[in-house]
Amino acid sequence: MANTITDAKVIVTCPGRNFVTLKILTSDGVHGIGDATLNGRELAVASYLKDHVVPCLIGRDPHDIEDIWNYLAKGAYWRRGPVTMAAIGAVDTALWDIKAKVAGLPLYQLLGGKSRSGVMVYGHANGNDLEETVDAVGQYLELGYKAVRAQSGIPGLDSVYGVARGKLFYEPAVKGAVPEEQLWSTEKYLDFAPKLFEAVRERYGFGFHLLHDCHHRLTPIEAARLGKSLEPYRLFWLEDPTPAENQEALKLIREHTVTPIAIGEIFNSIHDCRDILQNQHCDYIRAAVVHAGGITQLRKIAALAELYQIRTGCHGATDLSPVCMGAALHFDLWVPNFGIQEYMRHSPETDEVFPHAYTFDDGYLHPGEAPGHGVDIDEALAAKFPYEPAYLPVARLEDGTLWNW
Ligand code: CS2
Ligand code: MG
């Protein structure tokens with residue numbers, strides 16, 4: 001009797017922040033799990049899965065990963081989009097988990113085996129001001145990180161992207177019934193940013209990779225100006241310099257600066273990446289397992305990027321669950337054109353809900369050798385953390401103009 005999908009559960013839990021997990025059960029008794037978390041839209045993805053995807057999975061062969069992907073991505077008339085592709089990403093990740101478990105192999109072996117001994121990750125140094133942030137970079141270097149992202153509070157602004165509230169890791173979502181509004185000033189930012197990176201390089205030198213996330217906030221010429229002003233500090237990448245809807249904008253930035261560009265954490269389809277990759281308008285593509293339709297589509301994006309010497313730099317913030325991190329690490333260990341993996345870490349209660357095989361050592365993560373992607377969910381513990389409404393903030397300029405958060 002062929003192995004079939006017998007059931008699928010959508011588990012919403014909030015161990016410090018909301019996560020959506022899909023658990024697929026099969027007649028052989030093997031289960032697989034996938035991350036379906038979309039920050040601020042978790043319930044939309046949970047409903048898309050429960051109401052429109054799970055009924056279509058029952059009775060199918062869990063090994064037919066490519067056909068199920070196409071059925072869900074192309075069979076649905078309304079294609080692409082963050083909600084749809086996060087749901088498909090969860091199904092795809094769970095099915096790869098099952099296939100690897102049935103084979104008794106760690107997932108990376110099914111993708112093509114390892115291409116490196118470990119996965120270089122970058123940590124998130126942040127502080128309320130320049131001094132705090134420079135100190136935080138040193139703490140990550142002491143932990144053995146080879147790469148550190150620096151995000152700082154900006155003089156004259158109450159809150160900015162990337163700076164943690166309190167001592168825990170940075171979590172962008174703010175709990176509440178509607179999004180918090182935050183003020184932004186490009187002028188204050190552009191005056192401040194070069195000083196931050198000059199201070200980091202002056203204190204610690206050039207023996208490690210230094211990254212920064214603009215978080216979609218600049219116009220193309222402003223991004224070009226920033227990239228140029230940061231050239232003396234040799235960034236590994238300047239991320240999301242400008243909103244990616246206008247992909248021509250990156251061409252203008254490219255014409256003015258050699259600071260490498262990373263983009264794509266909000267991309268959910270290979271079609272979002274195609275022009276940027278073919279025109280070589282970026283150096284790292286940030287698409288993630290959970291948001292880009294799972295392993296099946298992400299490996300196609302990576303293959304296209306490889307043609308243009310563009311490397312992967314998968315998104316890995318706190319709002320991508322340990323399930324996504326586990327799957328990403330198997331992908332990262334295999335993918336030939338690997339660049340770096342974001343590792344923003346999770347809270348202790350999150351790590352308890354999602355027991356995992358991956359380990360950190362001296363700046364590198366390793367997915368482990370457990371069959372599958374090596375992450376599971378403790379359903380009983382997950383049930384103790386009910387969903388809590390939380391949203392990503394909305395940004396406005398100081399004159400009230402709505403801006404890119
Ligand atoms: C950020 C994220 O990690 C990053 O590079 O862009 O923190 C992003 O703001 C969140 O994942 C959005 O939910
Ligand atoms: Mg980012």
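Residues numbered from 1 in each chain as written. Chains lettered and ligands numbered in written order. Predicted model: local features only at pLDDT ≥ 70, side-chain atom pairs only at ≥ 80, totals over all residues. Heavy atoms only, no water.

> I'm lost on the site of ligand 1 in this one. Help?
Near ligand 1, the surroundings consist of 17 residues, among which Y161, H215, E239, E265 and E342 are the closest. Residue N39 places a side-chain N or O atom 3.0 Å away from an oxygen atom belonging to ligand 1. Contact with the protein chains removes 95% of the 340 Å² of surface that ligand 1 exposes when unbound. Under a 2 Å grid-point criterion requiring more than half of the atoms, the pocket assigned to ligand 1 is the largest pocket. In terms of residue class, the shell around ligand 1 is made up of six nonpolar, four polar and seven charged. (Near = heavy atom within 4 Å. Polar contact = N/O pair within 3.5 Å; in protein donor to acceptor, adjacent residues only side chain to side chain. Areas by Shrake-Rupley, 256 points an atom, 1.4 Å probe, with all protein chains shown as cover. 1 Å grid on protein atoms, 1.4 Å probe; cavity = no way out; pocket = protein on both sides within 12 Å on 5 of 7 lines; lining within 4 Å. Sits in = over half its atoms within 2 Å of the grid points. Nonpolar A, V, L, I, M, F, W, Y, C, P; charged D, E, K, R; others polar.)

> Explain the coordination of the magnesium ion (ligand 2) to me, please; I cannot follow it from the model alone.
In an ideal octahedron of six donors the angles at the metal are 90 or 180 degrees, and in an ideal tetrahedron of four donors they are 109.5 degrees. Taken together, D213 (OD), E239 (OE) and E265 (OE) make up the protein donors of the magnesium ion (ligand 2), found 2.0 to 2.2 Å from the metal. Donor residues for the magnesium ion (ligand 2), ordered by position in the chain, follow D-x25-E-x25-E. Taken together, the residues span a long stretch of sequence, with E239 in strand β9 (residues 237-239) and E265 in the loop between β10 (261-263) and α9 (270-278) at a distance of 26 residues. E265 carries the same exposure label as E239, and that label is buried. (Donors = N, O, S within 2.8 Å, 3.2 Å for Na, K, Ca; no water. Helix = DSSP H or I, 4+ residues; strand = E, 2+ residues; numbered from the N terminus. Buried < 20%, exposed > 50% of the residue type's maximum accessible area, 1.4 Å probe, protein only.)

> What is the right way to read the environment of I340 from this model?
With respect to the helices and strands, I340 occurs in the loop between α11 (322-334) and β13 (341-342). Along the backbone, I340 and Y284 are 56 residues apart, and their C-alpha atoms lie at a distance of 8.7 Å. If we skip the residues at most four places from it in the chain, I340 touches M120, V121, Y122, A147, L211, F236, W237, T312, G313 and C314. (Contact = heavy atoms within 4.5 Å.)

> How should I be thinking about the sheet that holds strand β17 (residues 394-397) in this particular structure?
Strands belonging to one sheet form pairs held by backbone hydrogen bonds; the direction of such a pair is parallel or antiparallel. With mixed pairing, the three strands of this open sheet are ordered in space as β7-β17-β18. Each end of this open sheet is capped by a strand with a single partner; those strands are β7 (181-184) and β18 (402-403). (Pairing = 2+ DSSP bridges.)

> Explain empty space enclosed by the protein to me, please; I cannot follow it from the model alone.
A probe matching the size of a water molecule, rolled over the atoms, marks out where space remains unfilled. Inspection of every chain in the model, using the stated rule, returns two cavities of 30 Å³ or more. Here the largest cavity defines a volume of roughly 80 Å³. Contributing to the lining of the largest cavity are Q151, S152, I154, V160, Y161, W184, Y189, H212, D213, C214, H215 and R217. Elements represented by at least two residues in the lining of the largest cavity include exactly β5 (147-152) and β8 (209-213). Taken as a whole, the second largest cavity encloses approximately 40 Å³ of empty space. Along its surface, the second largest cavity is lined by S152, I154, Y189, F192, A193, L196, F197 and H212. When the residues that make up the lining of the second largest cavity are grouped by side-chain class, the tally is six nonpolar, two polar and no charged. (Points joined across faces, edges and corners; volume = space filled by probe spheres on them.)

> In this structure, what is going on with the domain arrangement of the chain? I would like to understand it.
You'll often see interface size given as the accessible area lost when the parts meet. Splitting the chain by domain gives domain 1 (5-106) and domain 2 (111-371). If you look at the interface, domain 1 gives 32 residues, while domain 2 gives 37 residues. Per-residue buried area on domain 1 facing domain 2 is highest for D35, R80 and P106; these three make up 22% of the total on that side. At the surface where domain 1 touches domain 2, the tally comes to three salt bridges. One salt bridge connects R80 with D272, and the closest N-O pair in it is separated by 2.7 Å. Across the contact surface, domain 1 and domain 2 share 14 residue pairs in polar contact (both at pLDDT 80 or more). When the residues that make up the side of domain 1 that touches domain 2 are grouped by side-chain class, the tally is 16 nonpolar, 10 polar and six charged. (Domains from an automatic or database assignment. Buried area = accessible area lost by both parts, 1.4 Å probe. Salt bridge = Lys/Arg side-chain N within 4 Å of Asp/Glu carboxyl O.)

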